[in-house]
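Listed below are the residues making up each chain.
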Amino acid sequence: MRRFKLPPWLSLLLPALIILAAVVLVPLIFSFYSSFTAYRLTRPESIFTWIGLRNYVRLFGDAGFWWAFGRTVFLLTVALN
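Residues numbered from 1 in each chain as written. Predicted model: local features only at pLDDT ≥ 70, side-chain atom pairs only at ≥ 80, totals over all residues. Heavy atoms only, no water.

**What about the overall build of the chain?**
From N to C terminus, the chain includes three helices and zero strands. Reading the secondary structure of the chain in the N-to-C direction produces α-α-α. Relative to a compact globule of 81 residues, whose C-alpha radius of gyration would be 12 Å, the chain shows 21 Å and is clearly more extended. On the principal axes, the C-alpha backbone points of the chain span a range of 65 × 45 × 20 Å. Looking at the chain residue by residue over its 81 residues, the buried ones come to 10%. The contacts in the chain between residues at least 6 apart in sequence include a share of 0% that link residues at least 24 apart. Split by element, the accessible area of the chain, about 7,500 Å² in all, is 75% carbon and sulfur. (Helix = DSSP H or I, 4+ residues; strand = E, 2+ residues; numbered from the N terminus. Rg over C-alpha atoms; globule rule 2.2 N^0.38 Å. Buried < 20%, exposed > 50% of the residue type's maximum accessible area, 1.4 Å probe, protein only. Contact = heavy atoms within 4.5 Å. Areas by Shrake-Rupley, 256 points an atom, 1.4 Å probe, with all protein chains shown as cover.)

So this is what it looks like as structure tokens:
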């Protein structure tokens, strides 16, 4: 019976990749999924109520969002130049 052996560089990187996935990828995927639901922190069962693109339609139609988005882009442009 042959035993599968990882390359040395992969065995060194594997713990970091697992932690990176747990800290970055899992929350990123959860937030992307929850953006298509009616999720509320006070009602955890609402994560299963699928509403599709309704959140995005409401967001892009809101003048307050575009105002805040424009200020953020301006601030980042000034601060990073």
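**Details of the environment of Leu53**
Inspection of the secondary structure puts Leu53 in the loop between α1 (8–34) and α2 (54–60). Owing to a relative accessible area of 53%, Leu53 belongs among the exposed residues under this scheme. Expressed as a C-alpha distance, the spacing of Leu53 and Thr37, which sit 16 residues apart in the sequence, is 8.7 Å.

**Here we look at the packing of aromatic side chains**
The full count for this structure, using the stated rule, is eleven aromatic pairs. Here Tyr33 and Trp50 contribute two aromatic rings whose centre-to-centre distance is 5.9 Å and whose plane-to-plane angle is 40°, an arrangement assigned as tilted. On the criterion of sequence distance, the pair formed by Tyr33 in helix α1 and Trp50 in the loop between α1 and α2 is long-range, its members being 17 residues apart. Given the relative accessible area of 33%, Tyr33 is considered partly exposed. (Phe/Tyr/Trp six-rings, centres within 6.5 Å; stacked < 30°, edge-to-face > 60°.)

The quantities given are spatial measurements derived from coordinates; they are silent on function.
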